[in-house]
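Structural overview
In case you want the letters, here they are:
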Amino acid sequence: MRAERAGKHISGAERLVTSDLLESVAIELVQRALQHPRGSASKIHIQVDCIKTSELASGRLPDLYNNQVVDWQHGRELAREILIAGGVSSVAVDAALQALASGPAPDGQSMRGAMLIDADSGARLEKDQTRGVRVSRMDLAPAARQQLLLALEKQGLNNPHVIEALTLAAKVIAAPTIIAELCWSDDPDYLAGYVASKHGGYQRISLLKPADEERGGRAFFVRSSKERLGALVRWLEGQPFLIERIGRIYAPRYWKGDV
Ligand code: AMP
């Protein structure tokens, strides 16, 4: 689902379901487009693609660590620390933080998709800096979704942002040439974000931006030859990816002990 208001993208969501669930999921997605905090949509696109089960890759969710910070400045400091520990260069981390803070699209607004950032040089690698790379065709299998809802509920984290972000991050970090992902939302009232990587898992950070900030986005840190970038983008955008196992959901931990 992709929703716009006066030509501007306001929300999007992906599901991967069996055909008997198509109607109920389509209704959920339309409701979601109409209830977005940025106001209701003036145009809603629903696209349905048929996918053969033989095309599906299966995956697992990363473990979720719930980091609490006092303010977004501490949040960005923590994100920086985690990314550097995960093997991203400080130049690349700073380039991503700077781009997300100032609006990563050429007009200083959010992009529709993600930036691809060279994990060493910090250079932007995506072809279109307005659209970026849109990760698509991923979802949780029904049993995994149920288990996840219960596990998140216990930690007070049962909200659509966390579920969708975990699902997207699981696919992103499954790509061999992606070192890590950094994300904070473009929803003005959703201030949490995360860093995800294969070894560090999904590190949720309670605050990564100030209230009412509409600029947000995603950075995928890549270590790849130019020749393999095309294959990476095709995989992220096109490979059906169904998550059948969830990870652990850890209790909150307080960064710098000052929350
Ligand atoms: P959200 O978490 O939905 O608020 O999205 C935050 C930002 O992540 C958006 O502004 C986009 O730049 C980016 N984004 C959203 N959905 C996707 C996606 N499917 N693939 C890649 N980037 C995305």
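Residues numbered from 1 in each chain as written. Predicted model: local features only at pLDDT ≥ 70, side-chain atom pairs only at ≥ 80, totals over all residues. Heavy atoms only, no water.

Close contacts around the ligand come from 14 residues, with Met 111, Gly 113, Val 135, Ser 185 and Asp 186 the closest. Gly 113 is positioned such that a nitrogen or oxygen atom in its backbone is 2.7 Å from an oxygen atom of the ligand. Between the ligand and Arg 218 there is a distance of 3.0 Å, counted from an oxygen atom to a side-chain nitrogen or oxygen. When the ligand is considered free in solution it has 480 Å² of accessible area, and contact with the protein chains removes 86% of it. Its residues placed into classes, the shell around the ligand shows six nonpolar, four polar and four charged. (Near = heavy atom within 4 Å. Polar contact = N/O pair within 3.5 Å; in protein donor to acceptor, adjacent residues only side chain to side chain. Areas by Shrake-Rupley, 256 points an atom, 1.4 Å probe, with all protein chains shown as cover. Nonpolar A, V, L, I, M, F, W, Y, C, P; charged D, E, K, R; others polar.)

Before going further, it helps to examine the packing of aromatic side chains. Evaluation of the coordinates by the stated rule reveals three aromatic pairs. With a centroid separation of 4.7 Å and an interplanar angle of 15°, the aromatic rings of Tyr 65 and Tyr 250 are classed as stacked. With Tyr 65 in strand β5 (residues 64-68) and Tyr 250 in strand β13 (residues 249-254), this pair connects stretches of sequence that are 185 residues apart. Each ring, one from Tyr 194 and one from Tyr 202, has its centre 4.4 Å from the other, and the planes form 25°; the classification is stacked. Both residues of the pair, Tyr 194 and Tyr 202, belong to the buried class. The lysine or arginine in question, Lys 171, covers the ring of Trp 235, its NZ or CZ lying 5.3 Å from the ring centre. (Phe/Tyr/Trp six-rings, centres within 6.5 Å; stacked < 30°, edge-to-face > 60°. Helix = DSSP H or I, 4+ residues; strand = E, 2+ residues; numbered from the N terminus. Buried < 20%, exposed > 50% of the residue type's maximum accessible area, 1.4 Å probe, protein only. Lys NZ or Arg CZ within 6 Å of the ring centre and 35° of its normal.)

To continue, consider helix α1 (residues 22-34). Under the 1.5 Å per step criterion, the end-to-end length of α1 is 18 Å for 13 residues, consistent within 8% with the ideal 18 Å. Among the structural elements, β1 (2-5), β2 (8-12) and β3 (43-45) are those in contact with the buried residues of α1. (Expected span 1.5 Å × (residues − 1). Contact = heavy atoms within 4.5 Å.)

Attention now goes to the pattern of salt bridges. Applying the stated criterion across every chain, the model contains 15 salt bridges. Of the charged contacts, one joins Glu 214 and Lys 8 as a salt bridge, the two residues approaching to 3.7 Å between their closest N and O atoms. Taken together, the residues Glu 214 in the loop between β10 (201-205) and β11 (217-222) and Lys 8 in strand β2 connect sequence positions 206 residues apart. The class for Glu 214 is partly exposed, based on a relative accessible area of 34%. A salt bridge links Glu 164 to Arg 32; its shortest N-O distance comes to 2.2 Å. (Salt bridge = Lys/Arg side-chain N within 4 Å of Asp/Glu carboxyl O.)

Geometry only, nothing functional implied.
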